[in-house]
There are 2 protein chains.
Amino acid sequence: MNDEYKSLFSADTASFMRSPVREIFKRVDLSKIYSFAGGYPSPDAFDLEGIRQFACQIIDTVGSKAFQYNATQGTPELRQALSDRYGVSVERVQITTSSQQGIDVCTRVLVDPGDVVLTSNPSYLGALQSFRSYRATIVGVGHSDDDNEFRQAYVDAIERCLSQGKKIKFLYMIPDFQNPSGETLSLSQRKILVELARHYGFLIVEDSPYRELRYRGATVPTIYSLDPDRVLHLGSFSKILAPGLRVGWILGNPAVLEQIYVCKQSLDLCPPVFDQYIATRFVTSGRIDANIEKIKALYSERCEGMQRLLAQYMPQGVTWTHPDGGLFLFLTMPRGFDSVKFYDRALDNGVAYVAGSFFHTDGGGLNTMRLNFSFMTLDRIDKGLQLLARLIKEELAELKLQ
Amino acid sequence: MNDEYKSLFSADTASFMRSPVREIFKRVDLSKIYSFAGGYPSPDAFDLEGIRQFACQIIDTVGSKAFQYNATQGTPELRQALSDRYGVSVERVQITTSSQQGIDVCTRVLVDPGDVVLTSNPSYLGALQSFRSYRATIVGVGHSDDDNEFRQAYVDAIERCLSQGKKIKFLYMIPDFQNPSGETLSLSQRKILVELARHYGFLIVEDSPYRELRYRGATVPTIYSLDPDRVLHLGSFSKILAPGLRVGWILGNPAVLEQIYVCKQSLDLCPPVFDQYIATRFVTSGRIDANIEKIKALYSERCEGMQRLLAQYMPQGVTWTHPDGGLFLFLTMPRGFDSVKFYDRALDNGVAYVAGSFFHTDGGGLNTMRLNFSFMTLDRIDKGLQLLARLIKEELAELKLQ
């Protein structure tokens, strides 16, 4: 019977890829282990008091309108609030049901099977899933700190695609505190990407869920600000308010947003309306900024603490990135270490991470892993890292890598 | 510049179709006219007191978990509540971000360009939009009250598709109080559809947002109950609780839901979590049933009232359906009447409807229109119908159809 159904599935389904992160969540109860795996905000990051207050206000003053169907582009109130906050005109704002939907809908309106999506290597898993599900050709480019090398790596990748007759539709980039690497692109790197997009005629999708969570250093202009007509900027309330309210946004060229709007009609009619009203109040009251400050203080301590503890516990030969913000850092073990194979050992001992190879577009990064520092308290980060370091040491010893 | 972008759009976008309903909402302020156009619930249908009470309870007792990421399949609590409510096992329940997403994701995992989706003619516009967006071949079948004729019309359509070498993936059907016709399929008609699906090897997507809003007559078993492995049953809280909470569900074969689950990971990660918790409380407390009774009393009066008023105001030659539930009835004017052209006259005079041809798969139904009776009070329905009847009379006179 089920074999009969399989013959009914669309060709896209053959390219569907399970999120190993979501599979981990099915396998273990996160509350029972040390989890560096998810991209979960800290439960302490949610302003429950503010949400309660605004939710009641909305029910009492906005009333039924907050529970009725609303515009596919998002509520006029939230679009206006974001227009004011980010200094863009309202017709450049499309609300999405999470920024994951933003990635998905951009891919849907731009990519035919075989078309190229350029991205950094490594890149965000949920984006790779979406690109694969539309049978895009994903081309990942490793980044150099040297501007000329950075540019050349992209030029080489682009020219290779063009010589194969492939069409490049867009470049996907998380320029601030990247998931998974934690790295931030410099202004000159951003300018290079825009210049290449103009020269070769593709768009840029700038995914920016962590941008407002900077713990040190100066803010770098968004890629969007460098070319608002060519860049689709994805934002989200997930990391600055709460991911359980599924609200994100796209800033972009109205001509492109128009296609996204029509597509979104048949995707889900409109984003969650009550959620949008709650988010709007946080923005217009300024309470979102107070919340962002609170979150930054919380995560900044965990981010610094994790780097200090890694230095304390990890064996020689293990290195890591030093993010200026966001939720993640990236760990690199000596070559020969297999973080996919190591996963069972870690999980059996009560500690979880995401293997770095899942973020790689080319099967590389077997000796890497992504660690999240937002979810657990510093005390649990400490205990979890001690455990992880001991297990890595044992593994390295067995592999005779140390 | 924008021409350059057009060359970047995917092939699917050429088949995107704007919802004329949503376009109307952009053109007029619904609160200022008599609107029979939308599928909006009455603002009086929302149990704001219950929502307020549960929202506060959830914030106070569930706390941060209600605002964190949650499972792609939906929260365990809501899946369990629906499993209990509908007597199906939990692994047969997938929560969706609205039942529009249910339609979209079913199409996504089943349809390749050119594949056939069978449906009634007329059928739900939002579903037709979704099918078109994946470049499905939409085959609409007109229904007869006679079982043999009903079956034969489907057999003819199916055989025609097969003779053209086309693959039929699924039949889409709203068996209860259809949108737009208001009609309900008999048990024997449902059995015929299941028998055909088995014989020809396709699935059935049963879209059932209005099922619990029956105002008279006996409930007919769901198509799902006749073959739970072959039928995907779509449900929604939009019409029985509130559409501003974007929560729906799919009941179905776990083998098919598995593909939908993986697809949904990259679509939007998880449905709105706070919304799901609110919906769950309504179900487990039984308050949803009290609300359904309240809504039925409200809409039942409007449904009957509208039929009475139509008989009173409409000129000879105009007929309409007599729904036993739901939100809509369907009006048919004499042949030669063009409800698309008539639209400007109606709107200019302050009354809105949806032209029936938009629901037709074959460009037919020009002399039909869909009227909604849930949104306006009976008093406004009365005034709106008087106005509409007068305008139709004038149009018929000008067209010399009367």
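In this report, we go over the structure that sits alongside the text.

Rules used in this analysis
- Residues numbered from 1 in each chain as written.
- Chains lettered and ligands numbered in written order.
- Predicted model: local features only at pLDDT ≥ 70, side-chain atom pairs only at ≥ 80, totals over all residues.
- Heavy atoms only, no water.
- Pairing = 2+ DSSP bridges.
- Helix = DSSP H or I, 4+ residues; strand = E, 2+ residues; numbered from the N terminus.
- Contact = heavy atoms within 4.5 Å.
- Axes fitted to C-alpha atoms, helices over the stretch in contact; angles between N-to-C directions.
- Parallel < 35°, antiparallel > 145°, perpendicular 65-115°, else oblique.
- Left-handed = near helix turned anticlockwise from the far one by under 90°.
- Nonpolar A, V, L, I, M, F, W, Y, C, P; charged D, E, K, R; others polar.
- Buried area = accessible area lost by both parts, 1.4 Å probe.
- Salt bridge = Lys/Arg side-chain N within 4 Å of Asp/Glu carboxyl O.

As for the sheet that holds strand β10 (residues 328–332) of chain B
Residues and elements named next belong to chain B.
Now for step 1: Spatial ordering of the open sheet is given by β9-β10-β13-β12, a layout of four strands whose pairing is antiparallel. For this open sheet the edge positions go to β9 (319–320) and β12 (354–355), each flanked by a neighbour on one side alone.
Now for step 2: Bridge count for β10 against strand β13 (residues 368–372) is five bridges, and the pairing is antiparallel. Opposite Phe 330, over in β13, you have Arg 370 as the bridge partner.
Now for step 3: With respect to the sheet, helix α12 (residues 287–313) is in contact with β9, β10 and β13, its orientation differing from that of β10 by roughly 15 degrees.

A word on the sheet that holds strand β4 (residues 137–141) of chain B
Two pairing modes exist for strands in a sheet, parallel and antiparallel, and in both the strands are linked by backbone hydrogen bonds.
Residues and elements named next belong to chain B.
Now for step 1: With mixed pairing, the seven strands of this open sheet are ordered in space as β2-β8-β7-β6-β5-β3-β4. The sheet terminates laterally at β2 (93–96) and β4, the two strands that pair on one side only. Between one strand axis and the next, the sheet turns by 20 degrees as a mean value, whatever way the strands run.
Now for step 2: By the bridge criterion, five bridges tie strand β3 (residues 116–120) to β4 in an arrangement that is parallel. Residue pairing across strands places Val 116 opposite Thr 137, the latter belonging to β4.
Now for step 3: Against the sheet, helix α8 (residues 187–200) makes contact with β5 (168–173) and β6 (203–207), and its axis sits at roughly 145 degrees relative to β6, the strand it touches most.

A closer look at the packing of α12 of chain B against helix α14 (residues 378–398) of chain B
Residues and elements named next belong to chain B.
Now for step 1: One can describe the packing of α12 onto α14 by two numbers: an axis separation of 10 Å at closest approach and a directional angle of 30 degrees. Considering the angle they form, α12 stands roughly parallel to α14. Along this stretch, α12 crosses α14, giving a crossing that reads as right-handed. The segment α12 lies against α14, with Glu 301, Arg 302, Gly 305, Met 306, Arg 308, Leu 309, Leu 310 and Tyr 313 engaging Leu 378, Ile 381, Asp 382, Leu 385, Gln 386, Ala 389 and Lys 393.
Now for step 2: Across the contact of α12 with α14, the residue classes tally to eight nonpolar, two polar and five charged.

Let's talk about the interface of chain A and chain B
A common way to state how big an interface is: give the accessible area lost once the parts meet.
Now for step 1: Opposite the 92 residues of chain A that make contact, chain B presents 92 residues.
Now for step 2: Roughly 7600 Å² of surface becomes buried between chain A and chain B when both sides are summed, with 55% attributable to carbon and sulfur atoms.
Now for step 3: Among the residues chain A hides against chain B, the three largest losses belong to Leu 8, Arg 22 and Tyr 69 of chain A. Together they make up 10% of the total.
Now for step 4: On the surface where chain A and chain B come into contact, there are six salt bridges.
Now for step 5: Note that Asp 12 of chain A is salt-bridged to Arg 108 of chain B, the shortest N-O span being 3.4 Å.
Now for step 6: Looking at the side of chain A that touches chain B, the elements with two or more residues in it are α1 (2–6), α2 (20–27), α3 (48–62), α5 (99–110), α6 (125–133), β5 (168–173), α10 (254–268) and α11 (273–285) of chain A.
Now for step 7: It is α10 of chain A that contributes the most residues to the side of chain A that touches chain B, 11 residues altogether.
Now for step 8: Among the residues forming the side of chain A that touches chain B, the class breakdown is 44 nonpolar, 27 polar and 21 charged.

By themselves, these observations are geometric and do not establish any function.
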